Amino acid sequence: MDGLVIKNTGSWVDVRTDGGEVVRCKVKGNFRLKGIRSTSPVVVGDYVTFERNSEGTAFINDICDRRNYIIRKSINLSKQSHILAANVDVCLLVVTLREPVTSIVFIDRFLATAEAYSIPVSIIINKVDLLSAEEKEEAERLAKLYSDIGYHTLITSVTKRLGLESLPDLLKDKTALLAGNSGVGKSELLNWLVPGAGARTAPISEAHLSGMHTTTFSEMYDLPFGGRLIDIPGVKGFGTFNFEREEVSHYFREIFTVGRGCRFSNCIHVNEPGCAVREAVERGEIAGSRYSSYLNMLDDQDESKYREGY
Ligand SMILES: Nc1nc2c(ncn2[C@@H]2O[C@H](COP(=O)(O)OP(=O)(O)O)[C@@H](O)[C@H]2O)c(=O)[nH]1
Ligand SMILES: [Mg+2]
Ligand SMILES: [Zn+2]
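Scope of this entry: the structure provided in the associated data block. Since the model is a prediction, treat every value here as computed from it, not as a measurement.

### Points about the packing of aromatic side chains
Here's step 1: Counted according to the given criterion, the structure contains three aromatic pairs.
Here's step 2: For the pair F252 and Y294, a centre-to-centre distance of 5.7 Å together with 80 degrees between the ring planes defines the contact as edge-to-face. With F252 in the loop between β13 (228-231) and α6 (253-259) and Y294 in helix α8 (residues 288-298), the pair connects residues that are 42 residues apart, well separated along the chain. Across the pair, exposure class does not vary: F252 and Y294 are buried alike.
Here's step 3: Judged by centre distance (6.2 Å) and plane angle (25 degrees), the ring pair of Y291 and Y294 falls under stacked. Highlighted residues: Y291 and Y294, both in helix α8, separated by three residues, approximately one helical turn.
Here's step 4: These aromatic residues form a ring-pair network of at least three members: F252, Y291 and Y294.
Here's step 5: Just above the ring of W12 sits the side chain of R24; from NZ or CZ to the centre is 3.6 Å.
Here's step 6: Here the basic side chain of R253 rests over the ring of Y151, its NZ or CZ set 4.2 Å away from the ring centre.

See the structure below:
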């Protein structure tokens, strides 16, 4: 039978068939996905085929080719990757300037990764209700920075129901992935978009305390206005690690565009003469924060340095 993976706990997955039946399936230990070495061979968003054995247990036996997938680097030092979700149309990246502070490098790494997989990202700057007047201006600067680059950006307060109006239209009939650090309001947003989802929300301090023993599974929800939303455990350490140095600039849109004007076609915008990117940074046409994030990703070869950033 065929179906869509709507929940993944690590030990079993729920698969929904076209007929709407949800079947709990196991993934065989020796299941190997065509060449991908991953700690999570089957993920939410995958289309799979499965089979029931005589005891009534269902097993996944194939995964359809993925249109795309979102990956994160493994926490341990094995070179295995961890695929978070597959067949995603759009990412909602929830970030906050307070409680907690989302690092700009994290945002830019996320954007670059999504760019590499050609998945559009909408940035949701949440918890605006907590901000002072000055911090609000900071939020607006950030929103302008990213919308100038071409990212759809919203400033919201999910709890106060501010700035959310455009979301249903944006998400209609799409498969969206909810992403962002822990505590930024993803579950709160999910509960607003999917009344009855019943996702647990937790103040940051509690989330940290309970984080040690709560199960972390990924789940897909149907949006009442059409479309689907995927909620995944924290994306700590999110980012790619297999970009070539020359490739990194391709995933920073404005750096890529301006970089066409560099004297050398293989310029990586660090210290080459005639670098249009560094000139644009100096003139303030490319944000210094974006250029810093770019340099940070260039430095990725050093693993320990990468992990300290989060
Ligand atoms: N003040 C304020 N608190 C919010 C907002 N959105 C979420 N929260 C709170 O922040 C905490 C973390 O939210 P949660 O949705 O659990 O974050 P998640 O870890 O990203 O799923 C909870 O106490 C939420 O009620 C908001 O817009 N403003
Ligand atoms: Mg949550
Ligand atoms: Zn250059």
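### Overview of the pairing of strand β1 (residues 2-8)
Here's step 1: Most of β1 is tucked away: six of the seven residues are buried.
Here's step 2: Bridging between β1 and strand β4 (residues 47-52) involves three bridges; their strand directions are antiparallel. Bridging across to β4, D2 finds its partner in T49.
Here's step 3: Pairing analysis gives five bridges linking β1 to strand β2 (residues 13-17), with the strands arranged antiparallel. From the neighbouring strand, K7 faces β2, where its bridge partner is D14.
Here's step 4: In this antiparallel pair of consecutive strands, β1 and β2, the connection spans four residues, and G10 shows a positive phi of 100 degrees.
Here's step 5: For β1 and strand β12 (residues 218-222), the ladder comprises two bridges, and the chain directions are antiparallel. Across the sheet, residue K7 finds its bridge partner in β12, namely E219.

### Describing the coordination of the zinc ion (ligand 3)
Here's step 1: Within the protein, C262 (SG), C267 (SG), H269 (ND1) and C275 (SG) serve as the donor atoms for the zinc ion (ligand 3), at 2.1 to 2.4 Å.
Here's step 2: The site at the zinc ion (ligand 3) holds four donor atoms, and with the angles between them running 102 to 116 degrees, its shape is tetrahedral.
Here's step 3: As a motif over one chain, the donors of the zinc ion (ligand 3) read C-x4-C-x1-H-x5-C.
Here's step 4: Among the residues examined, C267 registers a relative accessible area of 7% and is labelled buried.

### Quick word on the nonpolar core
Note on soluble globular proteins: their nonpolar side chains tend to be buried together.
Here's step 1: Grouped together as the largest cluster of nonpolar side chains are 44 residues, with contacts concentrated most on V121 and Y146.
Here's step 2: Considering every element that reaches this core, the biggest residue donor is helix α2 (residues 133-149), with six residues.
Here's step 3: In terms of domain composition, this core takes at least three residues from each of domain 1 (2-65) and domain 2 (84-231).
Here's step 4: If near-sequence neighbours (up to four positions away) are discounted, V121 is found in contact with C91, L93, F110, L111, A114, Y151 and H152.
Here's step 5: Membership of the second largest hydrophobic core comes to 22 residues, among which are V90, L164, L167 and L193.

### A look at the pairing of β13
Here's step 1: Where strand β11 (residues 175-179) lies against β13, four bridges are found, and the strand directions are parallel. In the sheet register, T175 faces β13, and the bridge partner there is R228.
Here's step 2: Bridging between β12 and β13 involves four bridges; their strand directions are antiparallel. Residue pairing in the sheet places Y221 in a bridge with L229 of β13.
Here's step 3: Between β12 and β13, which pair antiparallel and follow one another directly, the connecting turn spans five residues, one of which, G226, has a positive phi of 100 degrees.

### Things to note about the site of ligand 1
Here's step 1: Among the 18 residues in the neighbourhood of ligand 1, the closest are listed as D129, G183, K186, S187 and E188.
Here's step 2: Take S157: an N or O atom from its side chain is 3.3 Å from an oxygen atom of ligand 1.
Here's step 3: Protein coverage of the free-state accessible area of ligand 1, which is 570 Å², stands at 85%.
Here's step 4: Tallied by class, residues from the shell around ligand 1 come to five nonpolar, nine polar and four charged.

Here is what the cut-offs are and how they apply
- Residues numbered from 1 in each chain as written.
- Chains lettered and ligands numbered in written order.
- Predicted model: local features only at pLDDT ≥ 70, side-chain atom pairs only at ≥ 80, totals over all residues.
- Heavy atoms only, no water.
- Phe/Tyr/Trp six-rings, centres within 6.5 Å; stacked < 30°, edge-to-face > 60°.
- Helix = DSSP H or I, 4+ residues; strand = E, 2+ residues; numbered from the N terminus.
- Buried < 20%, exposed > 50% of the residue type's maximum accessible area, 1.4 Å probe, protein only.
- Lys NZ or Arg CZ within 6 Å of the ring centre and 35° of its normal.
- Pairing = 2+ DSSP bridges.
- Donors = N, O, S within 2.8 Å, 3.2 Å for Na, K, Ca; no water.
- Tetrahedral: all angles 85-135°; square planar, octahedral: opposite > 155°, others 65-115°.
- Core = buried A, V, L, I, M, F, W, Y, C linked by side-chain atoms within 4.5 Å.
- Domains from an automatic or database assignment.
- Contact = heavy atoms within 4.5 Å.
- Near = heavy atom within 4 Å.
- Polar contact = N/O pair within 3.5 Å; in protein donor to acceptor, adjacent residues only side chain to side chain.
- Areas by Shrake-Rupley, 256 points an atom, 1.4 Å probe, with all protein chains shown as cover.
- Nonpolar A, V, L, I, M, F, W, Y, C, P; charged D, E, K, R; others polar.

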